[in-house]
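A look at the structure
Each chain is listed here by its residues.
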Amino acid sequence: MSRLRMGMIGGGPGAFIGPVHRIAAELDREIELVAGAFSSDAERSRKAGDTYRIDPARAYPDVATMLREEAAREDGIDFVAVTTPNHHHLPAVRAALQAGLPVICDKPATATLDEAREMAGLVASAGLPFALTYTYSGYPLVREARARIAAGDLGQIRKVVVEYPQGWLAQQAEGKQAEWRVDPGRAGIGGCIADIGVHAFQLAEFVTGLKVTRILADLGAVVPGRVLDDDCQILLRFENGARGALLASQISVGERNGLRIRVYGEKGGIDWRQESPNAFTLYHLDGRTELVQAGDPGLGEAAVASSRTPGGHPEGYLEAFANLYRDFAKQLRGEPGSLVPGMADGLRGMQLIDLAVRASREERGWTDFPA
């Protein structure tokens, strides 16, 4: 089977997420990065092309040139990956869809809710595959937790606690990756809530299969002079009546990437941590505690299909990211079994950002979440 050809928008010199997309896309040899408009600066785009070791003629000076030139090639790109800061997502996705190309885009979907609504319309009109890289839904044990909850192993869900503490923005932002995240012109209306809070939110809905219906949000910009939030706490109410809490922070000194989700039902509980992703703790109502590990006999189909190595051989962030690309490749080939998040997830994430920021600012208290 021939490899799918990917064109990348963004991911130029100094980028973090662009190289991650490239590694993840190519891990299973189903996809190959062959072209890109890696920067709005032509020389920086060329240098990025050298770094990615693609044909120099296919490191383009801008998006329009890439789409035009690739359309004229017999071996032109099959889809586009958007890896830019948030404010570039909508124009990049619009251009790719109008060129007839499927898109996989970094999260959150856009910089603002209005842009997300426009993007949702574009995706619906184009009728082409579209995916968002909510990375943590690609972990095998996350997918196993989701399957067990869907099968009723925990019974009725009563409580969901999801937290995502980091400490890397506890001081004034320095460097390319930090600076754009605290800039409303590039990040959008939300800071921490848009960067990592949406990951926690998507994970909670993905694992439980439940939608959030109400929130009570308290967001703050803690570092002096900062405009966008860098610390968030949100109470949640789910569609089945379950209560929950979402904590996200980028000023928690000493924390690295501490995403964790705990789900408690009437018959048991599950506790999974991203920094130890190859296992989760399963609590039974009779007091037993069980460690469920990657590679264990008896894991479900989704977890097995998402694993590449036998038990005891740790898999992590890049492999989880690659699972999203492998799922997206299934969509492009018309194959079943994809769990990659799509536009509906992106729109809900942007609704969370917009509602949480505004409700916190106005001290609204409990606020209904859009259906």
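Below, the structure is looked at part by part. (Residues numbered from 1 in each chain as written. Predicted model: local features only at pLDDT ≥ 70, side-chain atom pairs only at ≥ 80, totals over all residues. Heavy atoms only, no water.)

As for the side chain of Arg 226
Mapped onto the fold, Arg 226 is located in the loop between β7 (212-220) and β8 (231-238). A polar side-chain atom of Arg 226 sits 2.8 Å from the main-chain carbonyl oxygen of Leu 169. Within the local environment of Arg 226, its side chain forms a polar contact with the side chain of Asp 230, the two groups lying 3.0 Å apart. Contacts of Arg 226, omitting those with residues within four sequence positions, involve Leu 169, Gln 171, Gln 172, Ala 173, Val 182, Ala 221 and Ile 251. (Helix = DSSP H or I, 4+ residues; strand = E, 2+ residues; numbered from the N terminus. Polar contact = N/O pair within 3.5 Å; in protein donor to acceptor, adjacent residues only side chain to side chain. Contact = heavy atoms within 4.5 Å.)

Looking at the packing of helix α4 (residues 89-98) against helix α5 (residues 113-126)
Between α4 and α5, whose axes approach to 10 Å, the crossing angle comes to 10°. Between α4 and α5, the angle is such that the two are roughly parallel. Where α4 approaches α5, its residues His 89, Leu 90, Val 93, Arg 94 and Leu 97 are matched on the opposing element by Glu 115, Glu 118, Met 119, Leu 122, Val 123 and Ala 126. In terms of residue class, the contact of α4 with α5 is made up of 7 nonpolar, 1 polar and 3 charged. (Axes fitted to C-alpha atoms, helices over the stretch in contact; angles between N-to-C directions. Parallel < 35°, antiparallel > 145°, perpendicular 65-115°, else oblique. Nonpolar A, V, L, I, M, F, W, Y, C, P; charged D, E, K, R; others polar.)

A closer look at the sheet that holds strand β4 (residues 103-105)
Ordered by their spatial adjacency, 5 strands build an open sheet running β2-β1-β3-β4-β5, and the pairing between neighbours is parallel. Unpaired on one side and paired on the other, β2 (31-37) and β5 (130-132) mark the two borders of the sheet. The mean inter-strand angle of the sheet, taken between neighbouring strand axes irrespective of direction, is 25°. Relative to β4, strand β3 (residues 79-83) runs parallel, the two being bridged by 3 bridges. (Pairing = 2+ DSSP bridges.)

Some details on the layout of surface pockets
Computed from the structure, the largest pocket encloses a volume of approximately 1100 Å³. In this structure, the largest pocket is lined by 49 residues; those nearest its centre are Ile 17, Thr 83, Pro 85, Gln 177 and Trp 180. For the lining of the largest pocket, the secondary-structure elements that each account for two or more residues are β1 (4-10), α4, α7 (176-181), α8 (184-187), α9 (192-208) and α11 (317-332). In terms of residue class, the lining of the largest pocket is built from 21 nonpolar, 19 polar and 9 charged. (1 Å grid on protein atoms, 1.4 Å probe; cavity = no way out; pocket = protein on both sides within 12 Å on 5 of 7 lines; lining within 4 Å. Points joined across faces, edges and corners; volume = space filled by probe spheres on them.)

Topic: the pattern of salt bridges
In the structure shown here, the tally under the stated rule is 29 salt bridges. Glu 118 serves as the salt-bridge partner of Arg 94, at 2.7 Å between the closest nitrogen and oxygen. You can see Arg 94 sitting in helix α4 and its partner Glu 118 sitting in helix α5, a full 24 residues away along the chain. On the accessibility criterion, Glu 118 (38% relative accessible area) is partly exposed. Taking the shortest distance from any N to any O, the salt bridge between Asp 327 and Lys 330 comes out at 3.9 Å. Within this pair, Asp 327 and its partner Lys 330 are both found in helix α11, separated by 3 residues, close to a single helical turn. Given a relative accessible area of 3%, Asp 327 falls into the buried group. Under the relative-accessibility criterion, Lys 330 is labelled partly exposed at 22%. A single network of salt bridges, built from pairs that share partners, joins Asp 28, Arg 308, Glu 315 and Arg 326. (Salt bridge = Lys/Arg side-chain N within 4 Å of Asp/Glu carboxyl O. Buried < 20%, exposed > 50% of the residue type's maximum accessible area, 1.4 Å probe, protein only.)

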